[in-house]
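Chain by chain, the residues:
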Amino acid sequence: MTTVAMTVNGKAVSVDSEDRALLVEVLREKLNLTGTHVGCDTSQCGACVVLVDGVAVKSCTMLAAQADGSTVETIESLAKNGELHPMQVAFNENHGLQCGFCTPGMIMTAVDMVRRRGKTLDDTTIRHELEGNICRCTGYVNIVKAIKAGAARM
Amino acid sequence: MHETRYHRPSSLDEAAKILSASADGRYLSGGQTLIPTMKHRLAEPTDLIDLTRLAELKGISESGGALTIGAATTHAEVASSDAVRKAIPALAALAGKIGDPAVRHKGTIGGSIANNDPGADYPAAALGLGATIHTSKRAIAADDFFKGMFTTALEDGEIVTKVSFPIPTKAAYEKFHNAASRYALTGVFVAVTKGGDVRVAVTGAGASGVFRAGGIEAALSSTFAADAIGGVAIDSSDLLSDIHGSADYRANLIKVMAERAVAAIA
Ligand SMILES: Cc1cc2nc3c(=O)[nH]c(=O)nc-3n(C[C@H](O)[C@H](O)[C@H](O)COP(=O)(O)OP(=O)(O)OC[C@H]3O[C@@H](n4cnc5c(N)ncnc54)[C@H](O)[C@@H]3O)c2cc1C
Ligand code: FES
Ligand code: FES
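Conventions adopted
Residues numbered from 1 in each chain as written. Chains lettered and ligands numbered in written order. Predicted model: local features only at pLDDT ≥ 70, side-chain atom pairs only at ≥ 80, totals over all residues. Heavy atoms only, no water. Helix = DSSP H or I, 4+ residues; strand = E, 2+ residues; numbered from the N terminus. Buried < 20%, exposed > 50% of the residue type's maximum accessible area, 1.4 Å probe, protein only. Contact = heavy atoms within 4.5 Å. Buried area = accessible area lost by both parts, 1.4 Å probe. Salt bridge = Lys/Arg side-chain N within 4 Å of Asp/Glu carboxyl O. Polar contact = N/O pair within 3.5 Å; in protein donor to acceptor, adjacent residues only side chain to side chain. Nonpolar A, V, L, I, M, F, W, Y, C, P; charged D, E, K, R; others polar.

Under the annotation held in an unreviewed UniProt entry, chain B carries the name Carbon-monoxide dehydrogenase medium subunit and is attributed to Bauldia litoralis.

If you check an unreviewed UniProt entry, chain A appears there as Carbon-monoxide dehydrogenase small subunit from Bauldia litoralis.

*Asks:* Got a minute to help me understand the side chain of H75 of chain B in this structure?
*Replies:* Residues and elements named next belong to chain B. If you trace the backbone, H75 turns up in helix α3 (residues 75-80). Overall, the relative accessible area of 5% leaves H75 in the buried class. Residue contacts for H75: discarding those within four places in its chain leaves A95, I98, V103, R104, G107, T108, I109, S112 and Y122.

*Asks:* So what exactly am I meant to see when it comes to the interface of chain B and chain A here?
*Replies:* By a frequent convention, interface size equals the accessible area lost on bringing the separate parts together. Counting residues at the interface gives 29 residues for chain B, matched by 26 residues for chain A. Across the chain B/chain A interface, buried area totals approximately 2200 Å², and carbon plus sulfur atoms make up 54% of it. Of all residues in chain B, the largest losses of buried area upon contact with chain A belong to Y6, K39 and H105 of chain B, amounting jointly to 25% of the total for that side. Inspection of the region where chain B meets chain A yields two salt bridges. Salt-bridge contacts for R182 of chain B lead to E131 of chain A; the nearest nitrogen and oxygen are separated by 3.1 Å. Here chain B and chain A share 12 residue pairs in polar contact (both at pLDDT 80 or more) between them. It is helix α6 (residues 101-106) of chain B that provides the largest number of residues to the side of chain B that touches chain A, a total of five residues. Class assignment for the residues of the side of chain B that touches chain A results in 10 nonpolar, 10 polar and nine charged.

Below is the structure:
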């Protein structure tokens, strides 16, 4: 057992967890932040993407213990005072989701993308940046559209 | 995943001590190979010793005609480093093509070199540029470091601390991605050293991991042009054959990737 102290979505938290616990397990099972999804067992799908110390990581491929002392942002951090984040609005308006399972990871990856690459993103850049995020439903066209629109508004 | 104990040492010495005191410990860097392996129960270390916060493994610097990168430097840091982009742009570009953004934010050069996956990108750069791999015990030439699939010259407990790349006159890397995993189905690193030697390293294709393509090196040494490669015979008997591509397909890819790399810099 380790005590992991992190700042999650702006709040200081301290959780007792097994050393082998993945960050995604602690987020979902101990902190009830179930917006972060698990879509695969092979570190490939990106449904679990959260921001750790400001950058996108796969929370299924990181131990919670590795995040001790870190700042974590999940999909739940984006909406403020009942208002959706511009990237969430853009996914809604552009029909950037169907079942929605991949969406939290897509949106956190999109937020990371804008922070690193700026608000003006072309389709090629967006598609390359999405190489670690898999969607079973949409065919990506509307996801790319949504990210382009959301980025411009961030 | 099996149970394990996580440690965060504050020095190289402490890291080595924890490892030698553990029943079956492993160093942990970015975890982008080790954690998936543990999730599949293909590795079950009793202890994980996190190297990523050690100051000794950090930093990128240039001196004496070589670019030195600390083992705990992430792929994203290498890809976006002004020093790397200026000294060896092919290396920055290679780092930027590893996996995806989230993998690049965690995965490290030291972890990649130590792991020596047959489809990994950094081993091609290390061998192609004739790098020196510095460890907690010694310095090892890349030509002596990679010993076959997932096998290196590292001894038990030995830690990769940094990798020094001699700055070449020119270099380029061309990778044919496995569309699903993003690893190299075949990747070819071509470099012309300051001394005028041509070095060509191939990843993704060899049944024993990364290797130098002597035939292509010889052809390019006499004429450094893409069309010098067409006539080189590649022996496919030592190449990988799997559901992603046969040995003959990979033999052809080696030439095509080498031609593209040379065309980019000739
Ligand atoms: C979805 C996905 C896609 C990927 N695509 C690619 C790709 O296209 N190309 C590519 O090259 N790689 C790819 N990778 C692998 C990635 O680059 C890993 O980051 C890398 O192989 C291992 O580095 P790490 O820092 O994560 O090491 P870890 O996973 O932490 O460790 C790997 C091994 O090295 C040992 N080790 C770690 N650091 C040291 C050290 N300093 N000294 C001695 N031993 C050490 C560990 O004990 C372990 O055995 C991919 C990974 C994923 C999950
Ligand atoms: S659940 Fe993390 S990458 Fe699929
Ligand atoms: S919307 Fe269903 S997986 Fe992407």
